[in-house]
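Working through the structure, step by step
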Amino acid sequence: MSTENVFPPQPKPKWLRVKLPTGQKYTELRGLVDKYKLNTICTSGSCPNMGECWGEGTATFMILGNICTRSCGFCGVKTGRPEDIDWEEPEKVARSIKIMNIKHAVITSVDRDDIKDMGSIIWAETVKAIRRMNPTTTLETLIPDFQGNFKIIDRIVKVAPEVVSHNMETVKRLTREVRIQAKYERSLEVLRYLKEQGIKRTKSGIMLGLGETEKEVIETLHDLAAAKVDIVTIGQYLQPSKKHLPVKEFITPEQFEKYEKIGKDLGFRHVESGALVRSSYHAEKHIH
């Protein structure tokens, strides 16, 4: 992504207005996060659904640092040389989940193409640590593509999270522009492999408003169905900064409803489709 390009954000339509998070559960968790300096994507990413998810006892944690080796045009995470691996991180995340009394945790990470195991050992150890310290907490792991290396992906398969997710992010034509170091077919292959290896719930998500057509979105849904994906999330892309890809279109609520119906007709177990939907939206429902 060129840093020379500057794209001023477009004004948002009325259906993208977000209510401030409220409620006793949210207030309690916010206090714990601040007191113990816990690192959740919910807060660092200013997620619009934070209040709703926390109210349901769900939170998302990012591991392996906050600097990514990839430079996707849509993502607000910093790109560059990542810091050294923190081998105490699995215990720290598990402790955070215990302090917050989280019922369902989503774990995600930056891409770590800079190291041989691509961070997969920390991934597996984090799942194990959470299970030891929080035996009743269910888990979703939102994983990178690990460059399509099945031996590395097997580390995730072996610890058997309730849901394993990997996002397509966009349609095939736009993948090279939106996910510069990723490949559409490779992501599909990862999702297909996870299901073949016995993962009970596989999941993927796409963002809309980057210039895709309705036909391309429907083709992507067909590709995900063919890969035996169980759960799909469809949301509106929002530009993190002027240096990121611009929003080409704000998708209407009616169009999101149409995609939801198409997804359900294709046989997905769950389809979350709406402007404010993000990868972990209603994540606690996806284990059933």
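Notes on the structure in this doc start here. Since the model is a prediction, treat every value here as computed from it, not as a measurement.

Parameters and conventions
The numbering scheme is per chain: residues are counted from 1 as the chain's sequence reads. In keeping with the predicted nature of the model, local features appear solely for residues at pLDDT of at least 70, side-chain atom pairs appear and are counted solely at 80 or more, and the whole-chain, interface and lining totals rest on all residues. Side-chain descriptors were evaluated using all non-hydrogen atoms of the structure, hydrogens and water having been removed beforehand. The term salt bridge refers to a pairing of a side-chain nitrogen on Lys or Arg with a carboxyl oxygen on Asp or Glu at a separation within 4 Å. Numbering goes from the N terminus for both helices and strands, where a helix is a DSSP run of H or I of at least four residues and a strand is a run of E of at least two. Summary of the burial criterion: residues with accessible area below 20% of their type's maximum are buried, those above 50% are exposed, and those between are partly exposed, where the area comes from a 1.4 Å probe applied to protein chains only. Two residues form a contact once any of their heavy atoms are found within 4.5 Å. Grouping buried Ala, Val, Leu, Ile, Met, Phe, Trp, Tyr and Cys residues that are joined through side-chain atoms within 4.5 Å yields what is termed a nonpolar core. A pair of strands is labelled paired if DSSP reports no fewer than 2 bridges between them. Every crossover in which the path from the first strand over the helix to the second runs clockwise, viewed with the strands pointing away from the viewer, is termed right-handed. A helix is expected to span 1.5 Å multiplied by its residue count minus one. Think of the arc as the fan of directions from the helix axis to the C-beta atoms.

1. Describing the pattern of salt bridges
Opposite charge on two side chains allows them to pair when their charged atoms are near. Per the stated rule, a full pass over the model turns up 18 salt bridges. Here E185 and K172 are joined by a salt bridge, their closest N and O atoms 3.2 Å apart. Of this pair, E185 sits in helix 8 (residues 184-196) while K172 sits in the loop between strand 6 (163-165) and helix 7 (175-178), and the two are 13 residues apart along the sequence. By relative accessible area, K172 is classed as exposed at 52%. Counted as one network, the salt bridges with shared partners bring together R70, D111, D113, D145 and R186.

2. Observations regarding the environment of A227
Within the secondary structure, A227 sits in the loop between helix 9 (214-226) and strand 8 (231-236). Every residue in contact with A227, bar those within four places of it in the chain, is listed here: L188, L191, R192 and K195.

3. Here we look at the nonpolar core
Ranked by internal contacts, the top residues of the largest apolar core, which has 41 residues, are W54, M100 and I107. The element contributing the most residues to this core is helix 5 (residues 120-133), with 6 residues. Setting aside residues no more than four positions away along its own chain, I107 makes contact with F61, I63, V93, I97, W123, T126, I130, L139, E140, T141 and L142. Counting 33 residues, the second largest nonpolar core, distinct from the first, contains L191, M207, I234 and I262.

4. Quick look at unusual backbone geometry
The backbone phi angle of N101 is positive, close to 55°, even though this residue is not glycine. Mapped onto the fold, N101 is located in the loop between helix 4 (89-100) and strand 4 (104-109). A positive phi angle is found at A160, which is not glycine, with a value near 50°. With respect to the helices and strands, A160 occurs in the loop between helix 6 (150-159) and strand 6.

5. Digging into the pairing of strand 9 (residues 270-273)
Every second residue of strand 9 is oriented toward a common face, with H270 and E272 on one face and V271 and S273 on the other, all of them buried. Where strand 8 lies against strand 9, 4 bridges are found, and the strand directions are parallel. Note on strand 9: the bridge partner recorded for I234 is S273. In this fold, the crossover linking strand 8 to strand 9 by way of helix 10 (residues 253-265) has right-handed handedness.

6. With respect to helix 9
When the terminal C-alpha atoms of helix 9 are compared, their 18 Å separation across 13 residues agrees well with the 18 Å that a helix rising 1.5 Å per residue should span. Within helix 9, the full set of buried residues consists of E216, V217, T220, L221 and L224. Here the buried residues of helix 9 occupy an arc of 145° about the axis, which is enough to place them on one side. What points out from helix 9, more than 90 degrees from its buried face, is the exposed set K215 and A226. Considering only its buried residues, helix 9 is in contact with helix 8, strand 7 (201-208), strand 8 and helix 10. Phi for K228, located one or two positions after helix 9, is positive at around 65°.

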